[in-house]
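Letter by letter, the chains look like this.
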Amino acid sequence: VQLQASGGGLMQPGGSLRLSCVVTGTFFSINAMAWYRQAPGKQRELVAHSPISGEIHYADSVKGRFTISRDGAENAVYLQMNSLKPEDTAVYYCNARGLDSDYVGWNSWGQGTQVTVSS
């Protein structure tokens, strides 16, 4: 299973960006998809988590500004980021977990996409 993320870039404070991540490969199911980020000198942190069932979870720092969404038909997850702040600057990683054809769990990461918020 491979994840390919895209959509990062440089944006001014207050602007918007939309990240995309597509899951490819052979699997039985995708049970959850999420976005994480890692700023320089900091640990990787959860930004948003979307399980196949249950509530979507957002980090307090992005609530009301970021929206995670999924496209089941395309095996994709998106992160709409509005009202961007300089502190949102980080490398953003998509993550997906699921089951393979033998019902064994898998957990895969995308390669990361840089988001820089600066004037």
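Our subject is the structure that appears above.
Residues numbered from 1 in each chain as written. Predicted model: local features only at pLDDT ≥ 70, side-chain atom pairs only at ≥ 80, totals over all residues. Heavy atoms only, no water.

**Some points on the nonpolar core**
Across soluble globular proteins, you tend to see nonpolar side chains buried next to one another. By size, the foremost hydrophobic cluster in this structure holds 29 residues, and its most contacted members are Val23, Trp35, Val47, Phe66, Leu79, Met81 and Tyr92. For this core, the secondary-structure elements that each account for two or more residues are β1 (2-6), β3 (17-24), β4 (29-38), β5 (45-51), β7 (66-71), β8 (76-81), β9 (90-99) and β11 (113-117). (Core = buried A, V, L, I, M, F, W, Y, C linked by side-chain atoms within 4.5 Å. Buried < 20%, exposed > 50% of the residue type's maximum accessible area, 1.4 Å probe, protein only. Helix = DSSP H or I, 4+ residues; strand = E, 2+ residues; numbered from the N terminus.)

**Focus on the packing of aromatic side chains**
Overall, the coordinates contain three aromatic pairs when judged by the stated rule. Pairing Phe28 with Tyr103 gives two aromatic rings, centres 4.9 Å apart and planes at 70°, and the pair type is edge-to-face. Taken together, the residues Phe28 in the loop between β3 and β4 and Tyr103 in the loop between β9 and β10 (105-109) connect sequence positions 75 residues apart. Note that Arg44 overlies the ring of Trp109, its terminal NZ or CZ placed 4.7 Å from the centroid. (Phe/Tyr/Trp six-rings, centres within 6.5 Å; stacked < 30°, edge-to-face > 60°. Lys NZ or Arg CZ within 6 Å of the ring centre and 35° of its normal.)

**Let's talk about the state of the cysteines**
All chains considered together, the criterion is met by one disulfide. Covalent S-S linkage joins Cys21 and Cys94, the inter-sulfur distance amounting to 2.1 Å. Taking the torsion about the sulfur-sulfur bond, which here is approximately 60°, the covalent link between Cys21 and Cys94 counts as right-handed. Here Cys21, found in strand β3, pairs with Cys94, found in strand β9; they are 73 residues apart in sequence, far enough to count as distant. Considered together, Cys21 and Cys94 belong to a single accessibility category, that of buried residues. (Disulfide = S-S within 2.5 Å.)

**Considering the pairing of β9**
Burial within β9 is extensive, with seven of its ten residues counted as buried. Where β4 lies against β9, nine bridges are found, and the strand directions are antiparallel. By the bridge assignment for β9, Gln38 is matched with Val91. Where β9 and β11 come together, three bridges link them in antiparallel fashion. Its bridge partner being in β11, Ala90 is matched across the sheet by Val115. In this sheet, β10 lies alongside β9 in antiparallel orientation, the contact comprising five bridges. Note that in β10 the partner of Gly98 across the bridge is Trp106. From the end of β9 to the start of β10, which pair antiparallel, there are five residues, and Tyr103 there has a positive phi angle of about 65°. (Pairing = 2+ DSSP bridges.)

**Structural notes on the side chain of Arg65**
Note on placement: Arg65 falls in the loop between β6 (57-58) and β7. Take Arg65: its relative accessible area is 10%, and that puts it in the buried class. Looking at Arg65, its side chain comes within polar contact range of the main-chain oxygen of Ser61, at 2.8 Å. Polar contacts involving the side chain of Arg65 include one to the main-chain carbonyl oxygen of Ser83, which spans 2.9 Å. (Polar contact = N/O pair within 3.5 Å; in protein donor to acceptor, adjacent residues only side chain to side chain.)

**With respect to the pattern of salt bridges**
One pass over the full model with this rule turns up four salt bridges. The partner of Arg65 in a salt bridge is Asp88, and the shortest N-O contact between them spans 2.7 Å. Of the two residues, Arg65 is situated in the loop between β6 and β7 and Asp88 in the loop between β8 and β9; the sequence distance between them amounts to 23 residues. Taken together, the salt bridges that share partners define one network made up of Arg37, Glu45, Arg65 and Asp88. (Salt bridge = Lys/Arg side-chain N within 4 Å of Asp/Glu carboxyl O.)

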